[in-house]
Amino acid sequence: MSYARGVLLTALATLTFVTLLITSSSLGAQAGAQAAAQAPRTVQDGVYTAVQASRGQALYAQRCAGCHGQALAGASAPALTGDLFTNKFRMEPLSALFIQIRYAMPPKAEANAQLTSEQAADLVAHVLKSNGFPAGQTDFPAADAANSPIGWPPGRGVGASSAPSPSWYSPTGNLAQLMRGVFFHNSNLIFSIQEAEAKDLPSPPITRPGELTTFDWGLMAYAGWPSVENASTALADASALLMLPGLRCENGRAAPNTEPDWIKFTDGMISVARRSYRLAQTKNKEALSKFTLDLSNACNACHRVYRDVGGRGGAGNTSGRCMHR
Ligand code: HEC
Ligand code: HEC
């Protein structure tokens, strides 16, 4: 990465930013004018029909109830009614619920078992009805549902009070996504101090020489010991997310974050990540290299009990995860 290229990319990024600002303010003005004429519709305004919801109900019984429960109250998979559920989805337009059902449910469905957009729209109607939102005169349209601007009523909804409640900030992803997105890369960066000099971290990508993506460039923007410090603080602070109410394993089981040993493993993780931060601050390669063993032990301590038991963790069989060994 040359300095010139960095400057160029930064300049490009700034330009894009400015363009975005310009477009969004003019779009904002248009939207404002429209909003004055017509307030944005919300799920409170009758955005599906009773007939559509009953089609959805029949399909739900066949395709969804086995995991989410007949009454949507949750079984092996999470509940599709209640505060945690609605508070999770109300921060996005209704299109988010459609996308989740249409593209991700049932999990890992074979190509020939995937839902159509019409089926997913019917299921959205059934979920809305089950959450007490009123039916109206027109179906929730399947066409372009992934871009539907229908929203939720303002505010935090059921269970809202003036004091922030933990159910406001339920996680977007599951535990596997948190691990793969944050824990894996940041701990690997720290582990690589065993093989590399800190000044070479993160190593420049060699797969596409001369064709750096913004991601490659970004990796190199914060290099050397500070990158090891950043990875350590990211691990320490992201560990608090292991305690979030509503966090689940990919298999739908709640992360057991009221169990004393889960809390102990989380404390252990925070403590080793902080120690790694301190060692990175001292720039002591040898001490940190040795310490990476403690770091991997902190990951394994939890994995041994909640992830990798009797084949539960591997070979695609993840059904026993998030359950005490
Ligand atoms: C084999 C079991 C299974 C079946 C069948 C299934 N689901 Fe799911 N569903 C899950 C699991 C597990 C999750 C949680 C996955 C995650 O968080 O990544 C989930 C998540 C969801 C979510 C998101 C809930 C949230 O709080 O984030 C919705 C909505 C959903 N499913 C709807 C449906 C619908 C509608 C059907 C029927 C077409 C269906 N599911 C069929 C297992 C299933
Ligand atoms: C408090 C418990 C806990 C700690 C600490 C923890 N993990 Fe995990 N990890 C889990 C559980 C449980 C799963 C299974 C998640 C799922 O299936 O949704 C998991 C899954 C993973 C996965 C995904 C495996 C797959 O299926 O693809 C990776 C990667 C991972 N962990 C890495 C790490 C690393 C690296 C650390 C330490 C820096 C760490 N974890 C610390 C509990 C923990």
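In this text the structure is predicted, and so the values were computed from the model without any measurement.

It is not clear to me how the overall build of the chain should be interpreted in this structure. Could you clarify?
Secondary structure summary: the chain contains eleven helices and zero strands in total. Across the 325 residues in the chain, those meeting the buried criterion constitute 24%.

Honestly, the site of ligand 1 in this entry has me stumped. Any pointers?
Around ligand 1 sit 23 residues in total, of which C64, C67, A77, M105 and G252 are the nearest. At the level of secondary structure, the elements contributing two or more residues to the shell around ligand 1 comprise α3 (65-68), α4 (83-89) and α5 (95-104). Here the shell around ligand 1 is composed, by residue class, of 13 nonpolar, six polar and four charged. Two domains each donate at least three residues to the shell around ligand 1, and these are domain 1 (43-152) and domain 2 (175-306).

What exactly am I supposed to notice about α5 here?
An α-helical turn contains 3.6 residues, so a residue and the one three or four places further along point in the same direction. For α5, every residue scored as buried is listed here: L97, F98, I101 and R102. Projected down its long axis, α5 shows its buried positions confined to an angular sector of 120°, all on one face. In α5, the exposed positions that point more than 90 degrees away from the buried face belong to Y103 and A104. Residues of α5 that are buried make contact with α4 and α6 (117-130).

Would you explain the environment of G82 in this entry?
Of note, G82 is situated in the loop between α3 and α4. Spatially, the C-alpha atom of G82 lies 7.2 Å from that of N131, the residues being 49 residues apart in sequence.

Explanation requested: the site of ligand 2 in the structure shown.
Around ligand 2 sit 24 residues in total, of which A176, M179, C249, C299 and C302 are the nearest. Looking at the shell around ligand 2, the elements with two or more residues in it are α7 (175-191), α10 (260-282) and α11 (285-306). Here the shell around ligand 2 takes seven residues from α7, the largest share from any one element.

Even after reading the chapter, I still don't get the nonpolar core, so can you show me in this structure?
When a protein is soluble and globular, its nonpolar side chains tend to lie buried together. Within the largest apolar cluster, 26 residues are counted, with the highest numbers of intra-cluster contacts made by F98 and V124. Among the elements that take part in this core, α6 stands out by supplying seven residues, more than any other. Filtering out sequence-adjacent residues up to four positions away, F98 remains in contact with A120, A121, V124, A145, A146 and S148. Formed by 25 residues, the second largest nonpolar core is a distinct cluster that contains L235, A255, F265 and V272.

What's the story with the environment of R278 in this structure? I'm lost.
Within the element layout of this structure, R278 appears in helix α10. By C-beta crowding, R278 is classed as partly exposed, having 14 other C-beta atoms within 10 Å. It is 8.9 Å that separates the C-alpha atoms of R278 and S232, two residues lying 46 residues apart in sequence.

Can you walk me through the packing of α7 against α11 in this structure?
The description of two helices packed together rests on the angle between their axes and the distance between the axes. The geometry of α7 relative to α11 is characterised by a closest axis approach of 10 Å and an angle of 155° between their N-to-C directions. With respect to α11, the element α7 is oriented roughly antiparallel. The way α7 lies across α11 gives a crossing that is left-handed. Contacts from S187, I190 and F191 in α7 reach T292, L295 and C299 in α11.

Mind showing me how you'd approach unusual backbone geometry here?
Most peptide bonds are trans, and most residues other than glycine sit at a negative phi. At the junction of M105 and P106, the peptide bond is cis and its omega measures out at -20° in the coordinates. L201 connects to P202 through a cis peptide bond whose omega is -15°. Summarising the element assignment, P202 is placed in the loop between α7 and α8 (214-221). Of note, K108 is a non-glycine position whose phi angle comes to about 50°, a positive value. By the element assignment, K108 lies in the loop between α5 and α6.

Help me understand the confidence of the model for the chain in this model?
A low pLDDT score tells you not to read the predicted coordinates there in detail. In the predicted model, the chain carries a mean pLDDT of 85, and the fraction of residues at 70 or more is 82%. Predicted confidence is poor over residues 1-36, with pLDDT under 50, and the contacts of this stretch with residues over four places away or in other chains come to nine contacts.

Teacher, can you tell me more about the packing of α5 against α6 here?
Contact geometry of α5 with α6 gives a least axis separation of 9 Å together with a crossing angle of 125°. Accordingly, the angle class assigned to the pair α5 and α6 is oblique. When the axes of α5 and α6 are compared, the crossing they make is right-handed. Residues L97, F98, I101 and R102 of α5 touch α6, and the partners they reach there are S117, A120, A121, L123, V124 and V127. For the contact of α5 with α6, the class distribution of residues is eight nonpolar, one polar and one charged.

In this structure, what is going on with the environment of T49? I would like to understand it.
Inspection of the secondary structure puts T49 in the loop between α1 (3-37) and α2 (50-63). Here the alpha-carbon distance between T49 and D122, two residues 73 residues apart in the chain, equals 9.3 Å. When near neighbours in sequence (up to four residues on either side) are disregarded, T49 contacts A135, G136, Q137, T138 and D139.

Conventions adopted
Residues numbered from 1 in each chain as written. Chains lettered and ligands numbered in written order. Predicted model: local features only at pLDDT ≥ 70, side-chain atom pairs only at ≥ 80, totals over all residues. Helix = DSSP H or I, 4+ residues; strand = E, 2+ residues; numbered from the N terminus. Buried ≥ 20, exposed ≤ 12 C-beta atoms within 10 Å, placed from the backbone. Near = placed C-beta within 6 Å. Nonpolar A, V, L, I, M, F, W, Y, C, P; charged D, E, K, R; others polar. Domains from an automatic or database assignment. Arc of directions from axis to C-beta. Contact = placed C-beta atoms within 7 Å. Core = buried A, V, L, I, M, F, W, Y, C linked by C-beta atoms within 7 Å. Axes fitted to C-alpha atoms, helices over the stretch in contact; angles between N-to-C directions. Parallel < 35°, antiparallel > 145°, perpendicular 65-115°, else oblique. Left-handed = near helix turned anticlockwise from the far one by under 90°. pLDDT = per-residue confidence, 0-100.

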